[in-house]
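Architecture at a glance
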Amino acid sequence: MTCPKRLALVAWALVACAWAAPGAAPACELVLTEHRSGRALTRLPLNPIQPAADVAFTHSVLGTPVLDRYVWRHSTQGWRAHLVEERFEGEGYGLPSAAGPGERLLRDGAGWRLLLDRVVEPLVVLPLPAQSMRLVLSDGREVLLGQLSPKSIEIRAENCPLP
């Protein structure tokens, strides 16, 4: 075998090994892009066993904390965000006042917890400066969304292993 053919064979073997190596698959992560333009903003690692993150912000009228908990589940349409819990303080101004079908509204100290399972597709947020909207990952890291873009941000899960 000639030298160039050997080099080509070795190169293909290295590529095959890289594809087959553990950890070679892309990591399960949240991908944040500007909603309209699709401009890439950041990628954040997710727990591949249970992809989840919270969107925390200050209510624009009441000035009270709100936390929306999302989990990503795979379906025939791909990975989709499910709003599974909303924690908040106060009443009115767009906050739930009663549980809908299949939901539970519970008192939680000075606030409330709404337990639900609502598909949010696509998951798009507008990080208004006064709201200090941030993405909170399961390991406690927080990303201030307004520092990524003043425009609407789409949040989606990619490369997570199928259940």
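Refer to the structure printed above.
Keep in mind the model is a prediction, meaning the values are calculated, not measured.

Conventions adopted
- Residues numbered from 1 in each chain as written.
- Predicted model: local features only at pLDDT ≥ 70, side-chain atom pairs only at ≥ 80, totals over all residues.
- Heavy atoms only, no water.
- Pairing = 2+ DSSP bridges.
- Helix = DSSP H or I, 4+ residues; strand = E, 2+ residues; numbered from the N terminus.
- Axes fitted to C-alpha atoms, helices over the stretch in contact; angles between N-to-C directions.
- Disulfide = S-S within 2.5 Å.
- Buried < 20%, exposed > 50% of the residue type's maximum accessible area, 1.4 Å probe, protein only.

**Description of the sheet that holds strand β2 (residues 40-45)**
Taken in spatial order, the 4 strands of this open sheet run β2-β1-β11-β8, and their pairing is antiparallel. The open sheet has two edge strands, β2 and β8 (123-125), and neither has a second partner. Going from strand to strand, the sheet's axes swing by 25 degrees on average, the running direction of each strand aside. Direction of pairing for strand β1 (residues 29-34) relative to β2: antiparallel, over a ladder of 5 bridges. Bridging across to β2, Leu30 finds its partner in Leu44.

**A closer look at the environment of Gly109**
Here Gly109 lies in the loop between β6 (104-108) and β7 (111-120). Separated by 20 residues in sequence, Gly109 and Glu89 have C-alpha atoms that sit 9.3 Å apart.

**Here's the deal with the pairing of β6**
For β6 and β7, the ladder comprises 5 bridges, and the chain directions are antiparallel. Counterpart to Arg104 in the pairing with β7 is Leu115. Connecting the antiparallel pair β6 and β7 is a turn made up of 2 residues, with Gly109 showing a positive phi of about 65 degrees.

**Quick word on the state of the cysteines**
Scanning all chains against the criterion turns up 1 disulfide. Residue Cys28 pairs covalently with Cys160 via a disulfide, S to S 2.0 Å. On the sign convention where negative means left-handed, the S-S torsion of about 65 degrees between Cys28 and Cys160 marks this disulfide as right-handed. Of this pair, Cys28 sits in the loop between α1 (3-20) and β1 while Cys160 is found in the segment after β11 (153-158), placing the two residues 132 residues apart along the sequence. On the accessibility criterion, Cys28 (6% relative accessible area) is buried.

**Thoughts on the pairing of strand β3 (residues 52-58)**
Within β3, 6 of the 7 residues are buried, leaving the element largely enclosed by the surrounding structure. Pairing of β3 with strand β9 (residues 134-137) involves 4 bridges; the strand directions are antiparallel. By the bridge assignment for β9, Asp54 is matched with Val136.

**Some points on unusual backbone geometry**
Of note, the amide linkage connecting Glu121 to Pro122 takes the cis form, showing an omega dihedral of 0 degrees. Position of Pro122 among the secondary structure elements: in the loop between β7 and β8. At Tyr93, a position not held by glycine, the phi torsion is positive, near 50 degrees. Within the secondary structure, Tyr93 is located in the loop between β5 (78-88) and β6. A positive phi angle is found at Asn159, which is not glycine, with a value near 65 degrees. Using a relative accessible area of 36% as the deciding quantity, one classes Asn159 as partly exposed.

These results come straight from atomic positions and should not be treated as a statement about function.
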